[in-house]
Protein chains: 2
Amino acid sequence: MLSEFDLIKRYFRRARSGHAVLGIGDDCALLAPTPGMQTAVSTDLLIEGRHFFAGADPRMLGHKCLAVNLSDLAAMGAKPVGFTLALSLPGADPEWLEAFSSGMFALADQHDCELIGGDTTRGPLAICITVFGEIAPGHALRRDAARAGHDIWISGTLGDARLALAGYWKEIALDGEALAHAALRMHQPTPRIELGRALAVVPIAHAALDISDGLIGDLGHILEASRVGATLDVDALPAGPALAGQSLALRRRFTLAGGDDYELCFTAPASQREAVIATAAAAGTPVTRVGTIDAQPGLRLVDAAGKSLEMDVQGWDHFSGQ
Amino acid sequence: MLSEFDLIKRYFRRARSGHAVLGIGDDCALLAPTPGMQTAVSTDLLIEGRHFFAGADPRMLGHKCLAVNLSDLAAMGAKPVGFTLALSLPGADPEWLEAFSSGMFALADQHDCELIGGDTTRGPLAICITVFGEIAPGHALRRDAARAGHDIWISGTLGDARLALAGYWKEIALDGEALAHAALRMHQPTPRIELGRALAVVPIAHAALDISDGLIGDLGHILEASRVGATLDVDALPAGPALAGQSLALRRRFTLAGGDDYELCFTAPASQREAVIATAAAAGTPVTRVGTIDAQPGLRLVDAAGKSLEMDVQGWDHFSGQ
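Computed from a predicted model, the values in this text were never measured in an experiment. (Residues numbered from 1 in each chain as written. Chains lettered and ligands numbered in written order. Predicted model: local features only at pLDDT ≥ 70, side-chain atom pairs only at ≥ 80, totals over all residues. Heavy atoms only, no water.)

**Some details on the sheet that holds strand β9 (residues 229–233) of chain A**
Residues and elements named next belong to chain A.
So, step 1. With respect to topology, 7 strands assemble into an open sheet ordered β8-β10-β7-β11-β9-β12-β13, the strand pairing being mixed. Sheet topology places β8 (208–211) and β13 (308–309) at the edges, where each strand pairs with a single neighbour.
So, step 2. Of the strands in this sheet, β7 (151–155), β10 (263–268) and β11 (287–294) are in contact with helix α9 (residues 273–283), which crosses β7 at around 10°. (Pairing = 2+ DSSP bridges. Helix = DSSP H or I, 4+ residues; strand = E, 2+ residues; numbered from the N terminus. Contact = heavy atoms within 4.5 Å. Axes fitted to C-alpha atoms, helices over the stretch in contact; angles between N-to-C directions.)

In structure tokens form, the structure reads like this:
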């Protein structure tokens, strides 16, 4: 049986990338913040059977755990610096650890984000990552910064992760290829770091968040924090490649209230439309304009013809259920 | 049923203490590091049935979860700034949440340490806190800084938490009063923040860590990181008030390899003895000199008469068991 310390040494201690003054192996890690920059911090706890299936592929799981945290940095426009990993494991399975750590480090290396410390314990499989980033004062994309008249934008596509879930749950019949495509979006979300940073640097965008619990619920947080309303063109919402082949009703439902999308929803003045498109192209991330922020509170859904839609959908809540 | 957002708002969102530029409620929290200071980071994951009993008193649990993290800051000599809380709960029980958050915030307020963000989800009871502190460059008390000839010191007392466990497990017969005293040390550890900061500021101490898995194992980390050995006077180890009334054999075993002590073990040059004692008195934390760092690798245990002891004890390992 691997000891706790051997486990850390073998799978999680690496040659230093140089962000941390002191990395894994002491009571605390030490970071030297870049002078004048603020530190952005986010934490996410993922539980087996709740956020991922029992027996989930460990390489994809390693990717996803870090991806959902990086996605929070992206939503603030922050540059990733480092992260801590607290891991509860039923046992120390070398194959699982090798795959999990490879998946996690592959994504970490893409974003030059260093594992600086952590904790391991035996227990039900649970993974808590806390991520650190840097951003210049006043540049963070905050939920309370949406203003009436601004455009609402979405990065990438929505709904494929929810479609995969529907396939797994047999809510709908999905052929093997469609499920495979959808599942990839569920298990391997892409944190929109480059886009978030580019939108914040100028700044082009004002408010932003990452869509993790379904667009309709998450956009609601922007509206509440900014004390504004919005009109959303439901048929403009970019459906994922697998979802695009499904019925209109399903496309609407899963793009609006899917969950696990990890795309950015952001607002920007209409005067910035060309800048948004150019920035997104430079970041290699497609963006779609899907609605408008209104002074009038509440969220109004309209179809492609501008006709009002009444839909009974809501975002994901971990305590009320969906 | 409380929603996730109501739960956060009701129990965890508070008037701002002013450390964070942006606190709970956005994708990330934002901290403005004090210019010239380094950031110390530590994370701990506590699992029901592993780190605390099922049905543990939620107020004491709230204290303990934060205390074990603050103890890591203390061991570096860092000043607490803030923390994130990721919480997996079987359900949203208002009474439990009220008591848990009160216990946690009472300790947080003592150390002016602000809850800046978090995550809540439904699942087995698990608590992951990541804590942030500040320290001046070069002042951190590191595990690799012990030097031959230095004294080894211990704060407070050891072994009472382990004695409580022995009482709960019926390893030994403990009367109700002794168990109550011992249990208090198990459930309400005191992070030695003031002492750690005072030892680092001058600096008086060199190496330090907090004793969480038993002195013998934890001191081993200092010896390994510093490439030195040590001689420990087993009978000089300060036993907790409840343990002090037990047999010599039990006192030796539980002070050496108890676990859950959350006291500091630190090293300092012999020339600093008076300074250590004065600093400890000013911080209101008793300290005891218990041994010496040696150039020769390995840990030697001796009794009060200086006679070599052979003892089969080891520290706690979460994967090998004890």
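**Some points on the interface of chain A and chain B**
So, step 1. Facing 68 residues of chain A, the contacting portion of chain B comprises 68 residues.
So, step 2. One can count 4 salt bridges joining chain A with chain B.
So, step 3. Note that A:Asp27 and B:Arg143 form a salt bridge whose closest N and O atoms lie 3.2 Å from each other.
So, step 4. Summed over the shared surface of chain A and chain B, the result is 17 residue pairs in polar contact (both at pLDDT 80 or more).
So, step 5. Looking at the side of chain A that touches chain B, the element that brings in the most residues is strand β3 (residues 38–47) of chain A, giving 9 residues.
So, step 6. Considered class by class, the residues forming the side of chain A that touches chain B number 36 nonpolar, 17 polar and 15 charged.
So, step 7. Pairing between strand β2 (residues 29–31) of chain A and strand β3 (residues 38–47) of chain B: 3 bridges, direction antiparallel. Along β3(B), the bridge assignment pairs A:Leu31 with B:Thr39. (Salt bridge = Lys/Arg side-chain N within 4 Å of Asp/Glu carboxyl O. Polar contact = N/O pair within 3.5 Å; in protein donor to acceptor, adjacent residues only side chain to side chain. Nonpolar A, V, L, I, M, F, W, Y, C, P; charged D, E, K, R; others polar.)

**As for the relation of the copies chain A and chain B**
So, step 1. Mapping chain A onto chain B calls for a rotation angle of 180° and an axial translation of 0.0 Å; the resulting RMSD is 0.0 Å. Such values leave the two copies arranged in the relation of a two-fold axis.
So, step 2. Take the interface residues of chain A: 100% of them recur as interface residues in chain B, which is what a same-surface contact looks like. (Least-squares fit on C-alpha atoms with pLDDT ≥ 70 in both.)

**Let's talk about the domain arrangement of chain A**
Residues and elements named next belong to chain A.
So, step 1. Assigned domains within chain A: domain 1 (4–135) and domain 2 (143–309).
So, step 2. Here the C-alpha centre of domain 2 lies 26 Å away from the C-alpha centre of domain 1.
So, step 3. Contact with domain 1, which involves 20 residues of that partner, is made by 20 residues of domain 2.
So, step 4. In total, about 1600 Å² of surface goes out of reach between domain 1 and domain 2, with carbon and sulfur atoms giving 66% of it.
So, step 5. Of all residues in domain 1, the largest losses of buried area upon contact with domain 2 belong to Phe-53, Met-60 and Lys-64, amounting jointly to 31% of the total for that side. (Domains from an automatic or database assignment. Buried area = accessible area lost by both parts, 1.4 Å probe.)

**Overview of the UniProt feature "binding site: Mg(2+) 2" (unreviewed entry) in chain A**
So, step 1. Residues annotated by UniProt as "binding site: Mg(2+) 2" (unreviewed entry) correspond here to A:Asp44 and A:Asp72. With the annotated positions falling across 29 residues, the maximum pairwise C-alpha distance of 9.5 Å places them together in a single cluster.
So, step 2. Note that A:Asp44 resides in strand β3.
So, step 3. If we ignore the near neighbours within four places in the chain, the residues touching A:Asp44 are A:Val68, A:Asn69, A:Asp72, A:Ile127, A:Cys128, A:Ile129 and B:Asp119.
So, step 4. As for its placement among the helices and strands, A:Asp72 is situated in helix α2 (residues 58–76).
So, step 5. The exposure class of A:Asp72 is buried, given its relative accessible area of 9%.
So, step 6. Excluding residues that lie within four positions of it along the chain, A:Asp72 makes contacts with A:Ser42, A:Asp44, A:Asp210, B:Asp27 and B:Cys28. (UniProt positions renumbered as here; feature names shortened; annotations may be inferred. Buried < 20%, exposed > 50% of the residue type's maximum accessible area, 1.4 Å probe, protein only.)

**Observations concerning the packing of helix α6 (residues 193–201) of chain B against helix α9 (residues 273–283) of chain B**
All names here are of chain B.
So, step 1. It is at 9 Å that the axes of α6 and α9 come closest, and there the two elements cross at 145°. Seen along the crossing, α6 lies across α9 with a hand that is right-handed. Each of Glu-194, Leu-195, Ala-198 and Leu-199 in α6 lies in contact with α9, whose residues at this interface are Thr-279, Ala-280 and Ala-283.
So, step 2. For the contact of α6 with α9, the class distribution of residues is 5 nonpolar, 1 polar and 1 charged. (Left-handed = near helix turned anticlockwise from the far one by under 90°.)

**A word on helix α2 (residues 58–76) of chain B**
Residues and elements named next belong to chain B.
So, step 1. Here α2 spans 28 Å end to end across 19 residues, near enough to the 27 Å set by a 1.5 Å rise per residue.
So, step 2. With 17 of 19 residues buried, α2 lies mostly within the body of the structure.
So, step 3. Sitting at the head of α2, Asp-57 places a side-chain oxygen 3.0 Å from the backbone nitrogen of Arg-59.
So, step 4. The positive-phi residue at the C-terminal boundary of α2 is Gly-77, with phi of around 85°. (Expected span 1.5 Å × (residues − 1).)

**A closer look at the packing of α2(A) against helix α3 (residues 94–110) of chain A**
Residues and elements named next belong to chain A.
So, step 1. α3 packs onto α2 with a crossing angle of 35° between their chain directions and a minimal axis gap of 6 Å. Note that α2 runs across α3; the crossing there is right-handed. Listed contacts from α3 to Pro-58, Arg-59, Leu-61, Gly-62, His-63, Cys-65, Leu-66, Ala-67 and Leu-70 of α2 are Trp-96, Ala-99, Phe-100, Ser-102, Gly-103, Met-104, Leu-107 and Ala-108.
So, step 2. Taken together, the residues of the contact of α2 with α3 sort by class into 12 nonpolar, 4 polar and 1 charged.

**Describing the UniProt feature "binding site: Mg(2+) 4" (unreviewed entry) in chain A**
So, step 1. As recorded in UniProt, the feature "binding site: Mg(2+) 4" (unreviewed entry) lies at A:Asp27, A:Ser42 and A:Asp72. The greatest C-alpha distance among the annotated residues, which extend across 46 residues, is 26.2 Å, indicating that they are dispersed rather than converging on a single site.
So, step 2. The residue A:Asp27 is located in the loop between β1 (20–22) and β2 in this model.
So, step 3. A residue is classified by how much of its surface remains accessible, and A:Asp27, at 5% relative accessible area, is buried.
So, step 4. Not counting residues within four places of it along the chain, the set of residues in contact with A:Asp27 comprises B:Ser42, B:Asp72, B:Ala75, B:Met76, B:Arg143, B:Ala208, B:Leu209 and B:Asp210.
So, step 5. With near-sequence residues (within four places) excluded, A:Ser42 lies in contact with A:Asn69, A:Asp72, A:Ile129, A:Thr130, A:Val131, B:Asp27 and B:Cys28.
So, step 6. Engagement of the side chain of A:Ser42 in a polar contact is seen with the side chain of A:Asp72, the distance being 3.1 Å.

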